[in-house]
Amino acid sequence: MPWLAAACTAPTPPANAAIGLPQVLDRRRAKPDWLGEVRGTDGSFRETLTAPYPIARLVQQRFTAGLEQRGELALDAAPTLGLRLTLHRFEIVAVTDLAAFADIDMLLYDLASGRERDRQPLQNATAVALDPATPIAAQAQTLALGFLATLARNALDAPQFRDVMQPPRVG
């Protein structure tokens, strides 16, 4: 009978499931859904690229998904940690290829005291070849989502972030 009782009880959340829903502050000097631009080889403006949602929301979704996958998102308990992402730059530029650029500050802090636990500058860039058979806007959105997923994964898997998420060792 004890096995049956144990099987029917709700599993205890991992000790590290302590982070609340990430907050994203968009400090870019652009419209919330502005994704980037298509430019000619001479640098002339051709087209504005937009996302279906505000970029801050996309960033929040990617980091929320990453925390949830790792069991670090406080879903059923009050969070003890906050995660703030300040978005300084996130854009896709299309000229002869698609280039993605990001500059995001990530801050993990204690909600009770406000004490900083980890701070990381997330700065990255990548480029991919344009596919002439696919609309540039669709390629830009695909690149943006993949680029964000990689940024979130790298930040949440960074050794300094992992270190502060581990419970203190006793002994």
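Our structure is the block above this text.
Description of the structure in this document. (Residues numbered from 1 in each chain as written. Predicted model: local features only at pLDDT ≥ 70, side-chain atom pairs only at ≥ 80, totals over all residues. Heavy atoms only, no water.)

**Let's talk about the pattern of salt bridges**
Then comes step 1: Following the criterion strictly, the structure yields eight salt bridges and no others.
Then comes step 2: Across the pair Asp110 and Arg115 runs a salt bridge whose closest N-O atoms are separated by 3.2 Å.
Then comes step 3: The partly exposed category is assigned to Arg115, whose relative accessible area is 49%.
Then comes step 4: One salt bridge in this structure joins Glu116 and Arg119, with 3.1 Å as the shortest N-O distance.
Then comes step 5: A single network of salt bridges, built from pairs that share partners, joins Asp110, Arg115 and Arg117. (Salt bridge = Lys/Arg side-chain N within 4 Å of Asp/Glu carboxyl O. Buried < 20%, exposed > 50% of the residue type's maximum accessible area, 1.4 Å probe, protein only.)

**Looking at the packing of aromatic side chains**
Then comes step 1: Per the stated rule, a full pass over the model turns up one aromatic pair.
Then comes step 2: Ring plane angle 35 degrees and centroid distance 5.8 Å describe the contact between Phe90 and Phe147, whose orientation is recorded as tilted. Of this pair, Phe90 sits in strand 4 (residues 81–94) while Phe147 sits in helix 3 (residues 136–156); the two residues are 57 residues apart in sequence, bridging distant segments of the chain. In this structure, Phe90 and Phe147 share a single accessibility class: buried. (Phe/Tyr/Trp six-rings, centres within 6.5 Å; stacked < 30°, edge-to-face > 60°. Helix = DSSP H or I, 4+ residues; strand = E, 2+ residues; numbered from the N terminus.)

**Examining the side chain of Glu91**
Then comes step 1: Note on placement: Glu91 falls in strand 4.
Then comes step 2: On the accessibility criterion, Glu91 (16% relative accessible area) is buried.
Then comes step 3: A distance of 2.6 Å separates the side chain of Glu91 from the side chain of Arg89, its partner in a polar contact.
Then comes step 4: Once residues lying within four places of it in the same chain are set aside, the contact partners of Glu91 are Trp34, Leu35, Gly36, Ala99, Ala100 and Phe101. (Polar contact = N/O pair within 3.5 Å; in protein donor to acceptor, adjacent residues only side chain to side chain. Contact = heavy atoms within 4.5 Å.)

**Describing the environment of Asp97**
Then comes step 1: Position of Asp97 relative to the elements: it lies in strand 5 (residues 97–110).
Then comes step 2: Classification of Asp97 by relative accessible area gives partly exposed; the value is 29%.
Then comes step 3: Note: C-alpha distance between Asp97 and Ala127 (30 residues apart in sequence) is 6.8 Å.

**Some words on the pairing of strand 4**
Then comes step 1: Of all 14 residues making up strand 4, ten are buried, and the element is well covered by its neighbours.
Then comes step 2: Pairing analysis gives four bridges linking strand 1 (residues 23–26) to strand 4, with the strands arranged parallel. Paired with Asp26 across the two strands is Leu87, which belongs to strand 4.
Then comes step 3: Pairing geometry for strand 2 (residues 34–39) and strand 4, over three bridges, is parallel. Opposite Val38, over in strand 4, you have Ala94 as the bridge partner.
Then comes step 4: Bridge count for strand 4 against strand 5 is 13 bridges, and the pairing is antiparallel. Paired with Thr86 across the two strands is Asp105, which belongs to strand 5.
Then comes step 5: The hairpin turn running from strand 4 into strand 5, its antiparallel successor, is two residues long. (Pairing = 2+ DSSP bridges.)

**Points about the pairing of strand 3 (residues 45–50)**
Then comes step 1: The pairing of strand 2 with strand 3 spans five bridges and is classified as antiparallel. Across the sheet, residue Glu37 finds its bridge partner in strand 3, namely Thr48.

**As for the environment of Arg117**
Then comes step 1: With respect to the secondary-structure elements, Arg117 resides in strand 6 (residues 116–129).
Then comes step 2: On the basis of relative accessibility, which here comes to 26%, the residue Arg117 falls in the partly exposed class.
Then comes step 3: When the C-alpha positions of Arg117 and Gly82 are compared, they lie 9.6 Å apart, and in sequence the two are 35 residues distant.
Then comes step 4: Not counting the four nearest positions on each side in its chain, Arg117 is found in contact with Leu81, Leu108, Tyr109, Asp110 and Val164.
Then comes step 5: For Arg117, the side chain forms a polar contact with the side chain of Asp110, separated by 3.2 Å.

Read these as spatial facts, not as claims about activity.
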